[in-house]
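# Examination of the molecular architecture
Here are the chains, one letter per residue:
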Amino acid sequence: MAVKLSYFVKDLPLKHTFTIAHQSRDVQDTLIVKLEDSNFYGLGESTTNPFYGMTITNMVDCLERIRPLVENGTWETPEELWELGKEVFKDNPFAQCALDLAAWDLYAKRQGKKLYELLGLDPRQIPLTNFTIGIDTIEKMVAKMKEVDWPIYKIKLGTQNDLAIIKELRKHTNAVFRIDANCAWTADQAIAYSKELLELGVEFMEQPLGKDDLEGMKRVFSESKLPVMADESCIVEADVKKCHGLFHAINVKLVKAGGITPGLRMLKEAKSLGMKTMVGCMTESSVGITAIAHIAPLLDYVDMDGAMLLSHDPATGVIITPEEIIFPAGNGIGAELID
């Protein structure tokens, strides 16, 4: 069946400046992809990211190059479309993710099912997302935490006073903490910090070292008092096996991996290796966040607070509260653009 490919560029303004160890932003650019046949349409999304060199321009260039293959209708399933795009998207998984999400949305709608139903998943098994607190002054980080009362916080670290931040935040909440250093620490720091962080109610450390510091990660893996999770070290499918024995868990980012199609394979492989799994977000709108929610029953942990960090969301989709996850009424992924 013939399919029409289109896309839209959106600005996602953030409630607060969002700072991590290697970048800071007030507005997040995002690309929304739409696949439409005569009966249904599907939406997908990928945000830009300067750290990975992903821009609106190079994502659009890839989509234009694959347009003939997409629109000729020779593919039936998202997996088939993903394979058709492997060569075009080999250096741009972000663009492939946006297309892949749209394909899954369209495909599930054609089957008359919500995506989690199509995948045979139970939404009652979705773990609660964390809420992320970006790097700022300690006073502002405390204020951000108090602004959103949440049972689990992910705290971004990579400063000169990381332990002081956690000690001060702990005075104001009994919530579970997860920390993410985004490659900012040395092995010695991570091992030493882990002892105090454990006492401060931290559940795990995400990507404490640079992705290429394999010898350091061997030490952290064996000596840390906390479990360690891979993020920057686990981008694509080939990375999962490499992380085994260096990390206790992996955080799969759909935009970095190239979408749901490879993401599902990565999660399955990690579980087969005895590793815990998480899917994280990249400050997407409700289009990308709702897609994550549909596969979240597979996960031990989930980080899908991206739309909660926005001052304006151009889409509607999953509603997340500490008590429940409310999916959109429609089939597929079910997100809708509203402007």
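Everything below is about the structure shown above.
As the structure is a computational prediction, the values presented were derived from the model and not from experiment.

## A short note on the sheet that holds strand β10 (residues 276-280)
The strand order across the open sheet built from eight strands is β4-β5-β6-β7-β8-β9-β10-β11, with neighbouring strands paired in parallel fashion. Strand pairing shows two members of the sheet lacking a second neighbour, β4 (131-133) and β11 (301-303), which therefore form its edges. Each strand axis lies, on average, 25° off the axis of its neighbour in the sheet, ignoring direction. In the sheet, β10 pairs with β11 via three bridges, with the strands oriented parallel. The residue of β11 that forms the bridge with Val-279 is Val-302.

## Digging into the packing of aromatic side chains
Applying the stated criterion across every chain, the model contains seven aromatic pairs. Judged by centre distance (4.7 Å) and plane angle (80°), the rings of Trp-185 and Tyr-193 are edge-to-face. An identical accessibility class is assigned to Trp-185 and Tyr-193; each is buried. A connected cluster of aromatic rings, assembled from ring pairs, spans Phe-51, Tyr-52 and Phe-94. Stacked on the ring of Phe-177, the Lys or Arg Arg-170 has its end atom at 4.0 Å from the ring centre.

## Considering the environment of His-172
Mapping His-172 onto the fold places it in the loop between α6 (162-170) and β6 (176-180). Taking the C-alpha atoms as reference points, His-172 and Met-145, 27 residues apart in sequence, are found 8.6 Å from one another. Those residues in contact with His-172 that sit more than four places away from it in its chain are Val-142, Met-145 and Lys-146. A distance of 3.5 Å separates a polar atom in the side chain of His-172 from a polar atom in the side chain of Lys-146. Within the local environment of His-172, its side chain forms a polar contact with the side chain of Glu-168, the two groups lying 3.0 Å apart.

Conventions and cut-offs
Sequence order sets the numbering: in each chain, residues are counted from 1 along the sequence as written. The model is predicted, so local features are restricted to residues of pLDDT at least 70 and side-chain atom pairs to those at 80 or more, both for listing and for counting; the totals for chains, interfaces and linings are taken over all residues. Heavy atoms throughout the structure, all of them, feed into the side-chain values; hydrogens and water do not. Paired strands, in this sense, are two strands between which DSSP finds at least two bridges. Labels follow the DSSP assignment, with helices taken as runs of H or I lasting at least four residues and strands as runs of E lasting at least two, numbered in each case from the N terminus. Orientation is described by axes fitted as lines to C-alpha atoms, over the contacting stretch for helices, and by angles from 0 to 180 degrees between their N-to-C directions. Under the pairing criterion, centres of Phe, Tyr and Trp rings, with the six-membered ring standing for Trp, must be within 6.5 Å; the plane angle then separates stacked pairs below 30 degrees from edge-to-face pairs above 60, leaving the rest tilted. Buried means the residue's accessible area, taken with a 1.4 Å probe over protein chains only, is under 20% of the maximum for its type, while exposed means over 50%, and partly exposed covers the values in between. Note on criteria: charge over ring means Lys NZ or Arg CZ within 6 Å of the ring centre, with the direction from the centre no more than 35 degrees off the ring normal. Contacts are assigned to residue pairs with any non-hydrogen atoms lying within 4.5 Å of each other. We define a polar contact as two N or O atoms separated by no more than 3.5 Å, with the added condition that, inside protein, one atom must be a possible hydrogen donor and the other a possible acceptor, whereas residues neighbouring each other in sequence contribute only through side-chain atom pairs.

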